[in-house]
Number of protein chains: 2
Amino acid sequence: MDKYEKVIALARRRGFIWPAFELYGGAAGFYDYGPLGAPLKRKIEDLWREFFVIKEGFCEIECPTIGVEDIYVASGHLSGFSDPLTECKECGEIYRADHLIKHIIEVPDALSGEEIYTVIQENDIFCPECSGDLSQIYEFNLMFKTAIGPGSRQAGYLRPETAQGMFINFPRLLRYYRDRLPFGAVQIGKSYRNEISPRQGVIRLREFSQAEAEIFINPRDKSHPRFDEVEDLKLILYSEEDQEREGGQPREMTIKEAVDKRIIAHQTLAYYVARTYQFLMEAGLSRDRLRFRQHKKDEMAHYAADCWDAEASLERFGWIELVGVADRTDYDLRSHMAQSQTNLSVFVPFDKPRRQEKLVVKPDMKKLGPIFRNKAKAVAEALKSLDIEELEKETISVVVDGETVEIGSDLVSFEMVEETIRGEEIVPHVIEPSFGIDRILYTVLEHSCYEEMVDEETRTVLKLRPKVVPIQVAVLPLMDRDELMAPAEEITDVLKARGIYVEYDSSGSIGRRYRRNDEVGTPYSITVDYKTLEDKTVTIRDRDTMAQVRAGVDELPDTILALLREELEFGEAGVPLRS
Amino acid sequence: MDKYEKVIALARRRGFIWPAFELYGGAAGFYDYGPLGAPLKRKIEDLWREFFVIKEGFCEIECPTIGVEDIYVASGHLSGFSDPLTECKECGEIYRADHLIKHIIEVPDALSGEEIYTVIQENDIFCPECSGDLSQIYEFNLMFKTAIGPGSRQAGYLRPETAQGMFINFPRLLRYYRDRLPFGAVQIGKSYRNEISPRQGVIRLREFSQAEAEIFINPRDKSHPRFDEVEDLKLILYSEEDQEREGGQPREMTIKEAVDKRIIAHQTLAYYVARTYQFLMEAGLSRDRLRFRQHKKDEMAHYAADCWDAEASLERFGWIELVGVADRTDYDLRSHMAQSQTNLSVFVPFDKPRRQEKLVVKPDMKKLGPIFRNKAKAVAEALKSLDIEELEKETISVVVDGETVEIGSDLVSFEMVEETIRGEEIVPHVIEPSFGIDRILYTVLEHSCYEEMVDEETRTVLKLRPKVVPIQVAVLPLMDRDELMAPAEEITDVLKARGIYVEYDSSGSIGRRYRRNDEVGTPYSITVDYKTLEDKTVTIRDRDTMAQVRAGVDELPDTILALLREELEFGEAGVPLRS
């Protein structure tokens, strides 16, 4: 059993993650979050909110998951979000055509459908199932399609990303922020990708959750005012250059160094790479299994200026992408401007108004009128478009309706005037940190899960961080007797009233109950025994060290809260017991 | 402008609710929640969690929004979740056929398609748009359909309710709760309903959010252990009998009275009606615009034992359903048992094991064998199915393969034995409180919104409850001068660090800023002025009364938190100022 299987078996047995629709045979790429998985997911999302909504001050919005066609025409998903397929002419099985030639062509993504088909034919590739002939290649769009209302008059698509919701709401968001850049908007919610035949378990889902921030900035200034807060942070970067260079390796460096050496394009992008790192650390990823990899030119979207993926190392799957932090330039807003015929630019005032010389041309209409009659207006317009050199000639030539017309210099005057310009119209650039919540959740489980031998038995521990753990405290009467269960239930109620997630458990031996709680990550277990009845103290046990202290019942809520907030060392939580 | 228009105009202007996809012309039945709407929605959901997850102790799960076909075969949505349509043969416009005959037939839901068509023909009903002929009636299924994977091999449906996720996960949930009833599971998430042409704004959505609890109980005991906590609660009930009776009106009564008089079917249903009432009150609904209406026989699902809707009164739409609380009996689990061929019953132990007499028949195979040869086994089986009177006869007759066989009483012995029965297999009943979050959110806005004249100007107030309000405090420097803005920003940071949702606002006159905050429901505004610089005090203003007190900066976070938790009267928050 490899680590993935072990983690999934635990996740399944204890109610973190379940394959969906199992009662009806299941469907690849769909999972349920169970009674422990759903709160873990929600807490990861809340932690993300703490970073991006509370600390960064971005607003959160919630848009429909179904979208109309125009959005995905503009975003390019309708034409470009597809995989090349081939079908067996004998058995009808469908395959990703590029996957069938992977052993022959290193980067099959770059090939057209026809080119892939040629490779298939030239290399005698047949159906892996029945050895039948394979069909021509066709593109399969990965958006789930549906129809809005009866008939097929209006197509609807399940969104492939939450980001478009922020882009199409840009005018309203701009108004909400009183027309000032920069600002950010975020969304946490479901997105969909109709994978051909997902085979990587919880890593490749057809329905998944994203947390995305779209930060709209002035392209003339990509510095970040709070860069100094993160500049000394050290993280492992795997730059494009290091990836391309023979023997190049990921390197540890500070954020400041990365910007100074132009490894990361600019401060703002680097700032969000740093915040992403801090978020993943607080969520409970293992530092030495995390790196930031820069997109190579050939994998980066054509419009992106720079893009860094946070990648985690998983035992079965190797390095997988959890987060992408990209400078998407003005691509998204310009695409929607073109598709919607709406101006999405922002008037950005200069720090100081600028004075600028401007040529003002004044055709003498009183004189032009009688001479050119119904052409006089066209002649005047033509004069206005001339530059100063043309106007300074004695006889001025303009072309009107394909005819050259000569005009005496007395028929037009002109002057240079100074005008004040207060700012300019700008299409903002977008910085996008985009998080895959499900992959982060699985990685948190895999990175926190370990086994050790204790008393000749295997102890499985989920070393979840207190911020994301579904059960924060277990309350365990030593035996299931009324005189112990009553005070234990009372303690449970008191802790719940303080907002602590408590699990009361009275069934099975105390050792077994400790193990059960270790396995789901419960950081602290409280045991109520006969001594509790005498002196109002309980035993608190620490998940990681298995150390125990004796603490007073009355202070218990404060003690537990302080432990969970990591404001109190476990040894200080009570009188240490010898194990 | 009616109240709906007023509320929607405010909601739109201030970023609560926006019609979706407006950049591309919009689509009926889809809305965005903006920067203030999304947190309001999230807080309503969190309040719901507080009631049903924390206090009731139900677990929360999260299932995919796309489901496979079998689920909706079992649930009945594939065959029964549809509206009758007719199409104009001239212009192609599509209509709800039952709506076209509403003025002729009072309850058109009860008619078949053919019957509706007959009514249309007999009453000379034509296309309301172009007076063209209308087509035969066809049923349009209201589930959004899509395809999972390439081709149309596997159909997928966007779930019409979250409930099915709990039903199909019943075996796992039962295991999670260690095979013991009762238990509950909840889900908060998106559901979908492909309305023909939704015309009621935010009241009828194609994509909406539900919060549903499915509580699995032993049908032999529908009492509730915590009934006493709610039995004295008084609420307005509109029973089926009062609806049917000439002049019958909704009546106020206690929950206990409703159960004692068998108006509400049983304690458990009544308990959740009461909790629903409490939740809606805390969310901020107006008590006198809320009632609980019992489903009439002809509107209740055929399988339901009893069902009560929480209905709110809205100025434009009248009484609309926000919540349904139903006893769904064992319908859901039995449907999935049949469709999946899986046993979904629960072994429920008796309080005390029961002793029961049982007849044990022992055919003497040694004697039967030689006599009946290859028929001996069938004869023995036939003997085992006899009752005691047959066995006591001297010659026993059994029919084997259509042939009567006579057997001497010496060939078979029997005895009555006592056996212990520890319990029975039961298919649980389901109690379902099902909440429509979007409608609740809109009702909260409409019920909290009022206007009053203050200083000859209209003051618009959103009297949101502190638990759900998006902005809890506004911090306002009296003027936008550095010496006032610096301490105001500092106060903002301190309050944020304590987890308070703060909005800093320095633009516009102080009066205008107060009004802006009244309009979005900010309960308290803090003003920083020159006196603040001298004595470290600020003015706190109360949204509802517009009263002001002067309070110390150092105690501000505690003061504000106490006010928000309603532990402190506003008058006690500082030294009252004369207005």
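Residues numbered from 1 in each chain as written. Chains lettered and ligands numbered in written order. Predicted model: local features only at pLDDT ≥ 70, side-chain atom pairs only at ≥ 80, totals over all residues. Heavy atoms only, no water.

Glancing now at a nonpolar patch on the surface. The grouping of Leu478, Met479, Tyr530 and Leu533 of chain A at the surface amounts to a nonpolar patch, some 290 Å² of accessible area in total. Looking at the secondary structure, you find leucine 478 of chain A in the loop between strand E24 (473-477) and helix H17 (482-497). (Patch = residues over 30% accessible without salt bridge, like charges linked within 9 Å, V, L, I, M, F, W, Y side chains within 5 Å. Areas by Shrake-Rupley, 256 points an atom, 1.4 Å probe, with all protein chains shown as cover. Salt bridge = Lys/Arg side-chain N within 4 Å of Asp/Glu carboxyl O. Helix = DSSP H or I, 4+ residues; strand = E, 2+ residues; numbered from the N terminus.)

This next bit is on the interface of chain A and chain B. Contacts between the two partners involve 75 residues from chain A, matched on the other side by 75 residues from chain B. Buried surface at the junction of chain A and chain B, summed over both partners, amounts to about 6100 Å²; 59% is from carbon and sulfur atoms. If you sort the residues of chain A by the area they bury against chain B, Tyr24, Glu62 and Arg172 of chain A come out on top, with a joint share of 14%. At the surface where chain A touches chain B, the tally comes to twelve salt bridges. Of the charged contacts, one joins glutamate 62 of chain B and lysine 41 of chain A as a salt bridge, the two residues approaching to 2.7 Å between their closest N and O atoms. On inspection of chain A and its partner chain B, the count reaches 31 residue pairs in polar contact (both at pLDDT 80 or more). No other element matches the six residues that helix H2 (residues 37-55) of chain A contributes to the side of chain A that touches chain B. The residue makeup of the side of chain A that touches chain B, split by class, is 38 nonpolar, 16 polar and 21 charged. (Contact = heavy atoms within 4.5 Å. Buried area = accessible area lost by both parts, 1.4 Å probe. Polar contact = N/O pair within 3.5 Å; in protein donor to acceptor, adjacent residues only side chain to side chain. Nonpolar A, V, L, I, M, F, W, Y, C, P; charged D, E, K, R; others polar.)

Residues and elements named next belong to chain B. For arginine 543, the location among the structural elements is in the loop between strand E27 (537-542) and strand E28 (548-552). Of the residues examined, arginine 543 reaches a relative accessible area of 4% and is grouped as buried. One polar contact links arginine 543 to aspartate 544, side chain to side chain, over a distance of 2.6 Å. (Buried < 20%, exposed > 50% of the residue type's maximum accessible area, 1.4 Å probe, protein only.)

Residues and elements named next belong to chain B. With mixed pairing, six strands are arranged side by side in an open sheet as E25-E24-E26-E27-E28-E29. If you trace the sheet from one side to the other, it starts and ends with strand E25 (502-504) and strand E29 (575-577), each paired once. Direction aside, neighbouring strands of the sheet carry axes that sit 30° apart on average. Here E28 pairs with E29 via three bridges, running antiparallel. (Pairing = 2+ DSSP bridges. Axes fitted to C-alpha atoms, helices over the stretch in contact; angles between N-to-C directions.)

Placing chain A over chain B gives an RMSD of 0.4 Å and needs a rotation angle of 180°, together with 0.1 Å of translation along the axis. Taken together, the rotation angle and the small translation identify this as a two-fold axis. In terms of proximity to the rotation axis, the leading residue of chain A is threonine 146 of chain A, whose C-alpha is 2.7 Å off the axis. (Least-squares fit on C-alpha atoms with pLDDT ≥ 70 in both.)

Residue and element names in this part refer to chain A. On inspection of all chains with the given rule, the structure shows 38 aromatic pairs over all chains. Between phenylalanine 279 and phenylalanine 435, the aromatic rings sit 5.4 Å apart at their centres with planes inclined by 90°, giving edge-to-face as the arrangement. Placement of the pair is phenylalanine 279 in helix H11 (residues 267-283) and phenylalanine 435 in strand E21 (residues 429-436), with a sequence separation of 156 residues. The exposure class assigned to phenylalanine 279 is buried, which follows from its relative accessible area of 0%. (Phe/Tyr/Trp six-rings, centres within 6.5 Å; stacked < 30°, edge-to-face > 60°.)

Residues and elements named next belong to chain A. You can see glutamate 519 is positioned in helix H18 (residues 510-520). Under the relative-accessibility criterion, glutamate 519 is labelled buried at 14%. In contact with glutamate 519, not counting residues within four places along its chain, are Leu10, Arg13, Arg14, Thr460 and Leu462. A distance of 3.0 Å separates the side chain of glutamate 519 from the side chain of arginine 14, its partner in a polar contact.

Residues and elements named next belong to chain B. Reading across from one edge, E6-E5-E7 is the order of the three strands in this open sheet, with antiparallel pairing throughout. The two strands at the open ends of the sheet, each matched to only one other strand, are strand E6 (94-96) and strand E7 (138-141). The sheet shows a mean angle of 45° between the axes of neighbouring strands, taken without regard to direction. Of the pairings in the sheet, the one linking strand E5 (residues 82-87) to E6 comprises three bridges and is antiparallel in character. For threonine 86, the partnering residue across the bridge sits in E6 and is tyrosine 95.

Glancing now at unusual backbone geometry. Cis geometry is adopted by the peptide bond preceding proline 182 of chain A, which originates at leucine 181 of chain A and carries an omega value of -10°. The phi angle at serine 131 of chain A is positive, at roughly 65°, despite the residue not being glycine. Tracing the chain through its elements places serine 131 of chain A in the loop between helix H6 (113-122) and strand E7 (138-141). Positioned with a positive phi, aspartate 455 of chain B is a non-glycine residue whose angle comes to about 50°. Structurally, aspartate 455 of chain B can be placed in the loop between strand E22 (449-454) and strand E23 (457-462).

A few words now on the pattern of salt bridges. This model, assessed by the stated rule, comprises 114 salt bridges over all chains. Here glutamate 311 of chain A and arginine 293 of chain A are joined by a salt bridge, their closest N and O atoms 2.8 Å apart. Separated by 18 residues along the polypeptide, glutamate 311 of chain A in strand E15 (residues 306-314) and arginine 293 of chain A in strand E14 (residues 290-294) bring together distant segments of the chain. We note that glutamate 311 of chain A, like arginine 293 of chain A, is buried. In this structure, glutamate 415 of chain B engages lysine 362 of chain B in a salt bridge whose closest nitrogen and oxygen atoms are separated by 3.0 Å. With glutamate 415 of chain B in strand E20 (residues 412-426) and lysine 362 of chain B in strand E17 (residues 346-363), this pair connects stretches of sequence that are 53 residues apart.

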